[in-house]
Amino acid sequence: MGCGNIHDSSAGVIVDMKAIVDCNNFYCSCERLFQPKFEKRPVVVLSNNDGCVISRSDEAKQLSIAMGVPLFEVRSLIREKGIAVFSSNYALYGDLSWRVMETLRIILGKERVEVYSVDEAFLELDALGEKKMAELALSIRNTVEQWTGIRVSVGVGPTKTLAKLANRLAKKNKAFTNCVMVLAELPDIEQALRRTSISDLWGIGRRYSKQLREKWSIYDGWQLAQVSETFATKYLGGVVGTRLIRELRGIPSRTMEEERMQKKMIATTRMFGRRVYELSEIKEAIATYTARAAEKLRRQFSAASHIHVFIIEHREGDRHGMAYDNHRYLEKPTSDSSILIRVATELIVTLYKKGRAYKKAGVVLSEIVPEAARQGSLFMDGTSSTDDRLPLMLAIDNINFSLPPAHEPQHDSILRFAAAGTNRGWKMKQEYRSPRYTTKWHELPRVR
């Protein structure tokens, strides 16, 4: 193993700086935003079907509630400690995520923001020196919290990997760091790497961290930064490993990526609220999911050429279950819900087996093209074109967005296709879901 040197500039401070903004306990923060009575109380958010804990407030973490623990295992602790429990409210989380990202775009400019996940974004920052960089990072943190109500942590470093490391350390001791940390000076970078186990580094998985410890006695980030690029290429996944080592040394090797406004694939998948045996209910679920996916498709003014459906069987003792799938290419790209629903339900019929129990189903639309650039088919009669149905589909979308379904809490839409059914006993359980405060008129917060 050779010894590498951290990248240095002539002034002794790294010039090219990256930052990452990470929302603190994001799902829990979203719930607290509209219910401040839970501010100092432990809060957990559950996965689909209210199965497992997927987000925890700091207070819940202090009670040793593990990430991914099933709800039934901690019910007694929840009652004993008065922990607030919420079902996943993805409409709320998605909207608040957009507000956070849009705030960052306003502060720095769209070209300097890379949305990495629902609660994280990388930023491109100018060289300002460590003190001014810390002031900028704190200003970003304060502005996001003031404009959106969501608390964030900001980590700054010469590379994406070191920025992630700075962010992790900032969140680890929020009271001391004020949720902001800048790694610009070389001694600070070295100290941070020495304090960080290799298993806590971005890009090092469980298998590599075990291998590095047991075979080469590499335990922390600083030791890993000293290995040669030849070693990284051979033992850490080739080019990916080499980039990691260079990033740890302060040499940018992961570039900022342009945000994709148009999705290349749109999926709607859900767990059923109970075991489902009947084909009629499965067809209703698939029709509902397809209509939702088609709505997302129209929202970005696109059309899909390929549709894929799947269903997962419930088997006792089998955590994942057996999956069955089928797909079809369409004669012409479309965003028409009625066409997509017809194809999806035809496909699901080929997968269904009578007498078996099913727990999950889904629809995936792909081969997506812009609505205005759809290519026709030589084998279709021009008189049978459905292009004139797009205004109808958009009108349905607008009505569903603006009008709530009266006295039908099991439905999200006032206008829906008959194939989606009316009872929907298969619908995913969300016993603890909070209102969708920002996306549904009838669920707006009320001020008394």
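See above for the structure.
A quick note: this is a predicted structure, and the numbers were derived from the prediction, not measured.

1. Focus: a nonpolar patch on the surface
Together, Ile399, Leu403, Ile414 and Leu415 make up an exposed nonpolar region whose accessible area comes to about 300 Å². The topology assignment puts Leu403 in the segment after helix H15 (390–402).

2. Brief notes about the nonpolar core
In terms of nonpolar packing, the biggest core is built from 36 residues, with Phe26, Leu104, Leu123, Leu125, Ile150, Val154 and Val156 touching the most fellow members. The contacts of Leu104, once residues within four sequence positions are left out, are Val21, Gly109, Val113, Ala121, Leu123, Ile140 and Val144. Of all hydrophobic cores here, the second largest spans 29 residues; its members include Ala285, Tyr289, Leu330 and Ile348.

3. Some details on the sheet that holds strand E2 (residues 43–46)
Spatially, E3-E2-E4 is the arrangement adopted by the three strands of the open sheet, whose pairing is mixed. Of all strands in the sheet, those bounded by a partner on one side alone are strand E3 (53–56) and strand E4 (84–86). With strand direction ignored, the average angle separating the axes of adjacent strands in the sheet is 25 degrees. Pairing between E2 and E4: three bridges, direction parallel. Of the residues in E4, the one forming a bridge with Val45 is Phe86.

4. Some points on the pattern of salt bridges
Oppositely charged side chains can pair when the atoms bearing their charge come close. For the coordinates displayed, the defined rule picks out 28 salt bridges. As a salt-bridge pair, Glu124 and Lys18 come within 3.4 Å of each other at their nearest N and O atoms. Of this pair, Glu124 sits in strand E6 (residues 120–125) while Lys18 sits in strand E1 (residues 17–23), and the two are 106 residues apart along the sequence. Between Arg151 and Glu39 there is a salt bridge, and its shortest N-O distance comes to 2.7 Å. Remark: Glu39 occurs in the loop between helix H1 (26–34) and E2 and Arg151 occurs in the loop between helix H5 (130–148) and strand E7 (152–157); sequence separation between them is 112 residues. Take Arg151: its relative accessible area is 41%, and that puts it in the partly exposed class. Given the relative accessible area of 24%, Glu39 is considered partly exposed. Among the charged side chains, a salt-bridge network with shared partners connects Glu39, Glu145 and Arg151.

5. Here's the deal with unusual backbone geometry
Residues other than glycine seldom take positive phi values, yet Asp50 does so here, at roughly 55 degrees. Here Asp50 is to be found in the loop between E2 and E3. For Asp50, a relative accessible area of 10% corresponds to the buried category. The phi angle at Ser64 is positive, at roughly 65 degrees, despite the residue not being glycine.

Calculation notes
Think of each chain on its own: its residues are numbered from 1, step by step along the sequence as written. In keeping with the model being predicted, local features are shown solely for residues with a pLDDT of at least 70 and side-chain atom pairs are shown and tallied solely at 80 or more, while totals for entire chains, interfaces and linings include all residues. With hydrogens and water excluded, all non-hydrogen atoms of the structure serve as input to the side-chain values. Only residues above 30% relative accessible area that lack a salt bridge enter a patch, with like-charged residues linked at up to 9 Å and the nonpolar side chains Val, Leu, Ile, Met, Phe, Trp and Tyr linked at up to 5 Å. Reported accessibility uses the Shrake-Rupley method at a 1.4 Å probe radius. Residues are deemed covered only where the shown protein chains occlude them. Whenever Lys or Arg places a side-chain nitrogen within 4 Å of a carboxyl oxygen from Asp or Glu, that contact is recorded as a salt bridge. Counting from the N terminus, the helices are DSSP H or I runs at least four residues long and the strands are E runs at least two residues long. We call a set of buried Ala, Val, Leu, Ile, Met, Phe, Trp, Tyr and Cys residues a nonpolar core when their side-chain atoms join them within 4.5 Å. To sort residues, take the accessible area from a 1.4 Å probe on protein chains only and compare it with the maximum for the residue type: under 20% means buried, over 50% means exposed, and anything in between is partly exposed. By definition, residues are in contact when any of their heavy atoms lie within 4.5 Å. Here, a strand pair is defined by DSSP locating no fewer than two bridges between the strands. Lines are fitted to the C-alpha atoms to define the axes, a helix being fitted only along its stretch in contact, and any angle between axes, read from their N-to-C directions, falls within 0 to 180 degrees.

The values reported here are purely geometric and, on their own, carry no functional implication.
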